[in-house]
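# Structure assessment
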Amino acid sequence: MMQAGAGGLPSVVLRAADGSATATVHQHGATLTSWAVSGAEKEEEEELLFVSPLAVFAPPKAIRGGAPVCWPQFGSLGPLKAQHGFARNMEWTIDEVAGDSCSLVLCSDAVTRAEWPHDFKLTMQVSLLPNGALKQSLRVLNTGDSPFEFTTALHTYFRVSDVSKASVVGLKGLSYFDNAAGSLATDDADAVTFTGEVDRAYIGAPSPLKLVDSGRGAVVMVHKEGFQDAVVWNPWEAKAAGMADLGPEHWRGFVCVEATQARSGAVTLAPGQDWEGRLRLERDTLGES
Ligand code: TA6
């Protein structure tokens, strides 16, 4: 169903066939802005994503929260000046909408060619599965006549009760580029916890990753395919205060666990070739996963 979503921008609302979840995808950036699961008593929905209360819904500005699509560049890892590329700033076209799934496309045009001289078709598909799970897939097709390279991420902001009660499990022993420190490091902790700014780009991250929120007894399992890397991010107070659409008040309420393809290397696509990255998110309960 199409409706005016947060900020009055057009969005698609999905409902799982078994009634276990709803999701909202904004046309702007094909940004997933809500994923809410029904509680055990089916009384109240629980929102699992974070959108900043100060988010600005004024295209081309990217929405601060949900799951912005970083493409054709993650961060500054590529030739573009714009951090995280342009896909999150563009109006995508709604291709198909069924009750529990939708797909949106973004094709190269004069605007994208001015920033990045290649022809492409991106397809973002979002589906709700049984038991509240959500699937996203990002397909990249080279529609031009020369090869191109890209890096990418689904930059998902997960809502947490308080960042100090959150941890991310599954990354022990991996090398990561520490963006806060500007150097490479190795993770030897059982879980990533948050006592200051965390901005870590893990190289060759396994699947699934587990986001634990001990404050509300919630776990989100992040299953990824195609995306070889992962980023864990929370800006902490000083950086958040410097971001007008986040501010000094709201940074405790989220952790980004991002499926990325960047530090392991860019993807190269020959003309006519495609690549697909997939994410499956599941809400679990602490002690049961
Ligand atoms: O994925 C982490 C990161 O690259 C951080 O370095 C931080 O800057 C964040 O993304 C947000 O970037 P944005 O361009 O949305 O302000």
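What you see is a predicted model; the values in this text were computed from it and never measured.

Each aromatic ring pair is characterised by the separation of its centres together with the angle its planes make. Taken as a whole, this structure holds 18 aromatic pairs when the rule is applied. Among the aromatic residues, those joined into a cluster by ring pairs are Trp71, Phe86, Trp116, Phe120, Phe148, Phe150, Phe227 and Trp275.

Around the ligand, the surrounding shell consists of Arg64, Phe74, Gln83, His84, Arg88, His155, Asp199, Val231, Trp233, Met243 and Glu258. Between arginine 88 and the ligand, the recorded distance is 2.8 Å, taken from a side-chain N or O atom to an oxygen atom. Between the ligand and aspartate 199, the relevant distance is 2.5 Å, taken from an oxygen atom to a side-chain nitrogen or oxygen of the residue. Looking at the shell around the ligand residue by residue, the classes come out as four nonpolar, three polar and four charged.

The five strands are arranged β1-β2-β3-β4-β5 in an open sheet whose pairing can be described as antiparallel. The open sheet has two edge strands with one neighbour each: β1 (2-4) and β5 (45-47). Neighbouring strand axes in the sheet, compared pairwise and without regard to direction, differ in orientation by 30° on average. As defined by bridge partners, strand β3 (residues 21-26) adjoins strand β4 (residues 31-38) across six bridges and the pair is classed as antiparallel. Bridge assignment links threonine 24 to a residue of β4, and that residue is serine 34.

With respect to burial, strand β22 (residues 254-261) is a largely interior element, eight of its eight residues being buried. What you see with β22 is no split at all: Phe254, Cys256, Glu258 and Thr260 on one side and Val255, Val257, Ala259 and Gln261 on the other are buried throughout. Pairing between strand β12 (residues 152-154) and β22: three bridges, direction antiparallel. Within the sheet, the bridge partner assigned to leucine 154 lies in β22 and is alanine 259. Judged from the three bridges that link them, strand β13 (residues 157-159) and β22 form a sheet pairing that is antiparallel. Bridge assignment links arginine 159 to a residue of β22, and that residue is phenylalanine 254.

The nine strands are arranged β7-β8-β9-β10-β24-β20-β19-β14-β17 in an open sheet whose pairing can be described as antiparallel. Where the open sheet ends on each side, the last strands, each with one partner, are β7 (93-97) and β17 (191-193). Direction aside, the axes of adjacent strands within the sheet are offset by 20° on average. Where strand β8 (residues 101-107) meets strand β9 (residues 120-128), seven bridges bridge the pair, whose relative direction is antiparallel. Note that in β9 the partner of serine 101 across the bridge is serine 127.

Calculation notes
- Per chain, residues are indexed from 1 in the order of the written sequence.
- Given that this is a predicted model, residues contribute local features only at a pLDDT of at least 70 and side-chain atom pairs are listed and counted only at 80 or more, while totals for whole chains, interfaces and linings are drawn from all residues.
- Calculation of side-chain values draws on the structure's entire complement of heavy atoms; hydrogens and water are dropped beforehand.
- Under the pairing criterion, centres of Phe, Tyr and Trp rings, with the six-membered ring standing for Trp, must be within 6.5 Å; the plane angle then separates stacked pairs below 30 degrees from edge-to-face pairs above 60, leaving the rest tilted.
- Consider each residue's heavy atoms; a residue with any of them within 4 Å of a molecule or strand counts as near.
- Side-chain atoms alone can form a polar contact between residues adjacent in sequence; in general such a contact is a pair of N or O atoms within 3.5 Å, and within protein one must be able to donate a hydrogen while the other accepts it.
- Three classes are used, and their members are as follows: Ala, Val, Leu, Ile, Met, Phe, Trp, Tyr, Cys and Pro are nonpolar, Asp, Glu, Lys and Arg are charged, and the others, Gly among them, are polar.
- A strand pair is defined by DSSP finding two or more bridges across the two strands.
- What counts as a helix is a DSSP run of H or I of at least four residues, what counts as a strand is a run of E of at least two, and both are numbered from the N terminus.
- Interaxial angle, 0 to 180 degrees, is taken between N-to-C directions of lines fitted to C-alpha atoms, where a helix line uses only the stretch in contact.
- Partly exposed describes any residue whose relative accessible area lies between the buried limit of under 20% and the exposed limit of over 50%, with all areas from a 1.4 Å probe on protein chains only and scaled to the type maximum.

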